[in-house]
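A look at the structure
Read off the chains here:
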Amino acid sequence: MTDQPHVTGRRPDVPQMAFWAAVALGLGAAGVAITAGREVGQIGALLLILLFAAGMVLFLFMSRGAGRVLGPFPERGAMETLALAAGKTDLVLLEALDEAALVTDRNLSPIAANHAYLTLAEIAGALGESDRPPAMSRLFGADPMLSAPVFRLSRAAQSGLSRREELPQTAIGQGGVNARYEASVGALPGGRVLWRLRELGAGDGPPDEETRPLFLDDAPIGFFVARHDGQIAYMNRALRSVLGVGDASALRVRDILKDDSSKILRRDRRGFGAARAAVTLRARDGVETPAHALTFLPLGSEADRGVRCLVFLSDDEAPAAPAQPSGAAPARSGAGDAAFQNAPYGAAVLDSADPATASILDANPALMEMTHGRATPGAAFVDLFDASEGAAALAQRLRMTSTDVIELQLAGASSPAVHVQFARGVEGGAVAYVVNVTEQRELEQRLAQSEKMREIGELAAGVAHDFNNMLTVVMQTSDSLLLRHPVGDADYPLLREIQDHATSAQELSQMLRAYARQQTFKREVVRVADFVGERQELMRRVVGAAIKFEMKHGRDLPFVKVDKTQIERVIVNLATNARDAMTPKGGAIPRDGRLTIRTARSTAAEARALGHTPIEEGVYALIEVQDTGSGIKPEHQAKIFRPFHTTKEQGKGTGLGLASCYGIVKQSGGYIFFDSRVGVGTTFRIYLPEHEPTAEETEEMAARERAALFRTSRDVAGRGRILFVEDQAGVRKSIARNLVECGYEVIEAEHGEEALEILTRSPGGFDMIISDESMPIMSGSEMIEQAGAEMIGGARVLFLSGYAPEGFSKVLEQYRVSYMSKPVTMQQLVARVKELMAA
């Protein structure tokens, strides 16, 4: 062996130059012979022989000689080797290393090696016929224990990374002495890789204490080291042989055990002693082997590095359990152990009576799941909890758990709320109980939110009542003035503006009452398809001509009993929102949009299949409003039914539209759900419960259909005697004045008792009774009940109220009375009065 790095090839010398000249001369002579033809005579044959000889020499040169370096198809890495030998003198530094060294290219093709490496290669018999050094993997033959570390080193070399591996004990060459080696790779300039191989002496030890095999690698019993998360850090040769694995670094404890891995990973619950357990080993080929495991966790700084486990493969090898010292706490019984493992709440055995400084000795599966595997033996109990308020504050609160139940937040992304209680043991240890109260807190928050919304609803209903009374005065007065100042009058535009704003305020008031679910419903039995179909033209006007509108009806739709006016308001509101969703941002005209309204018969099971819950069992009439708008963003979907939540531009939405829809549908006994995808569109589904109409209801429905065939006269003039009961003086005077102007005789009463006195003096003397419902002293419905049929006679009864109590809807269903909600215009009121009197 030379003292220089071992490289392939030599520099081109004079003989090689002569060889190439001879080849060139032969080729030239062959060319002359071919081109000159007969003129060369016998010399031509000699020239052809020379050409054949030159070809043979060239073939041998390319395949076996210097052509491997200089030919057109050089051997992989040969040119790199030649270049290094020719001009790279820094490789001489390889000989300065006191350990075997090899240089390869990025593709792991050997380039150069030092004397120490070539000596090992010669001992291993890996040099062969090639004058190039062998790869490092060839030094160790076919030892399967080395395949994994060599593979990791090769992958690091190809990636340009540095890596160091301690190889399992092995022998180089036949009959070689077993030795331990450390192999490493590192990147060199120019895309080359330096491989180094160092034999470890008796004083050398691996940097990682977890993987130090020591004498345990050749021990006749099984041994492994596992981290707290179950990852195996080291396994000796005896246990690897039983399991049939070569490299155990990628395994977890659960991969080699048929049993629950917590048997191995937890400490003895009575202290720091070793834990014994009967286990069943599961080999790679599925063969199961019974064994005994002795698990222990070192004290001190090594405790955080994982558990150690001795595995005895026969009963004779397993050590007997030590005698229990006098006065020691008895071990838990099988029933107690099962209760600890199967408890629905978290439980942890601690090594100290101070929860702020205690470490976990054992934790049950419920606590492990709650903490996402962080409640491992050896972990600090305090680390399980959120310390955002400071470590000192957390420690103080933990110490309070010994006398009271304290609520804390677990650490981590989800941060569930838990109740923690601490119980001291008899030997200085303790048990901590951790109960997840996240669902309880969510229910409490929902209850508080529900109570808050109920209070807001009551406030909204009360405000709406007073607001409606004032709006009634404004609308009745403006109507009266409009009769005196018709179109063309100088004051007409101002009066018209007052009327328009009053109408807008009326709509806002109705939304408030609908959200508060304080609407007074006059329910009637309707066919859903007919009801929705009659609103088709209204829907077209709402969405505009630029949006494609389509209405589809299903078969066998059930009857429903609802207030048609309120359900119409819901559908119009949803159509308006759909139109706005399909309107380009900043634009005024929707384009390329489609609005589809469908009706169908549905069931609760079909609703649940669409993901709509909760919903009671039964048959429902389904009204579906689908658009192709921008969709509802996920962050807004949980808030769309909340009052005053809007995503529209400033001044283009009140935030009460969907809240009022939700209130109306819920007050009707139904459900409203939605599906939405951003950029695709939104579908709202209204489920109204089926109603089986009685014979009387069927007749009323037929009568309404017959009456609808006749058009109502627009003439507001009429005759008749009306008793008008209203506690608000402004409302009473404005409505009474307008009725008188239309030709009616009006007798006014301030409250129910005064109205009873009038009816007593003149029983049956009125054609119509118009009354407010909510009045001091006596309500309108109480006045009608006390008056009786004799006093009322043939008079029609019309309730006119801005707010009615929840039970008032039942009054409307029990008695043949009518209802109008304040505020109303003069035309609306007089038309209804004339309609009722004509009936």
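Notes on the structure follow. Just so it is clear, the structure is predicted and the values come from calculations on it, not from any experiment.

Parameters and conventions
- Residues numbered from 1 in each chain as written.
- Predicted model: local features only at pLDDT ≥ 70, side-chain atom pairs only at ≥ 80, totals over all residues.
- Heavy atoms only, no water.
- Helix = DSSP H or I, 4+ residues; strand = E, 2+ residues; numbered from the N terminus.
- Buried < 20%, exposed > 50% of the residue type's maximum accessible area, 1.4 Å probe, protein only.
- Contact = heavy atoms within 4.5 Å.
- Areas by Shrake-Rupley, 256 points an atom, 1.4 Å probe, with all protein chains shown as cover.
- Phe/Tyr/Trp six-rings, centres within 6.5 Å; stacked < 30°, edge-to-face > 60°.
- Pairing = 2+ DSSP bridges.
- Axes fitted to C-alpha atoms, helices over the stretch in contact; angles between N-to-C directions.
- Salt bridge = Lys/Arg side-chain N within 4 Å of Asp/Glu carboxyl O.

Section: the overall build of the chain
Regarding its fold elements, the chain presents 26 helices and 27 strands. Counting only residues that meet the buried cut, the chain has 43% of its 839 residues in that class. Across the chain, the fraction of contacts at a sequence separation of at least 24, relative to all contacts at a separation of at least 6, is 59%. For the chain, the exposed area adds up to about 44300 Å²; of that, 54% sits on carbon and sulfur atoms.

Digging into the environment of Leu361
With respect to the helices, strands and loops of the structure, Leu361 is situated in strand β12 (residues 360–363). Leu361 sits 16 residues away from Pro377 along the chain, and the two C-alpha atoms are 4.9 Å apart.

Overview of the packing of aromatic side chains
On inspection of all chains with the given rule, the structure shows 11 aromatic pairs. With centroids separated by 6.5 Å and ring planes inclined at 75°, the aromatic side chains of Phe641 and Phe684 adopt a geometry described as edge-to-face. Of the two residues, Phe641 sits in the loop between α19 (634–637) and α20 (657–667) while Phe684 sits in strand β22 (residues 681–689), which places them 43 residues apart along the sequence. The structure contains a cluster of three or more aromatic residues connected by ring pairs, namely Tyr620, Tyr671, Phe673 and Tyr687.

Observations concerning the sheet that holds strand β5 (residues 192–200)
Working definition: the strands of a sheet are paired by backbone hydrogen bonds and lie parallel or antiparallel to each other. Strand order in the open sheet made by the 5 strands is β2-β1-β5-β4-β3, with antiparallel pairing throughout. Taken across any chain shown, the strands that pair with only one partner, and hence form the sheet edges, are β2 (110–113) and β3 (163–166). Each neighbouring strand pair of the sheet contributes to a mean axis angle of 20°, computed without reference to strand direction. In this structure, strand β1 (residues 100–104) lies alongside β2, joined through 3 bridges in antiparallel fashion. Looking at β2, one finds that Leu102 is bridged to Ala113.

Considerations on the pattern of salt bridges
In this structure the tally under the stated criterion is 21 salt bridges. We note a salt bridge from Arg196 to Glu99, for which the minimum N-O separation is 2.3 Å. With Arg196 in strand β5 and Glu99 in the loop between α4 (78–87) and β1, this pair connects stretches of sequence that are 97 residues apart. Of the residues examined, Arg196 reaches a relative accessible area of 32% and is grouped as partly exposed. In this structure Glu99 comes out as buried when scored by relative accessible area, which is 8%. Where Arg685 meets Glu624, a salt bridge forms, and the shortest distance between an N and an O atom there is 2.8 Å. Taken as a pair, Arg685 in strand β22 and Glu624 in strand β20 (residues 619–627) lie far apart in primary sequence, 61 residues in all. One network of salt bridges, with partners in common, ties together Arg598, Glu624, Asp675 and Arg685.

From the geometry alone we can't say anything about function, so treat these as descriptive.
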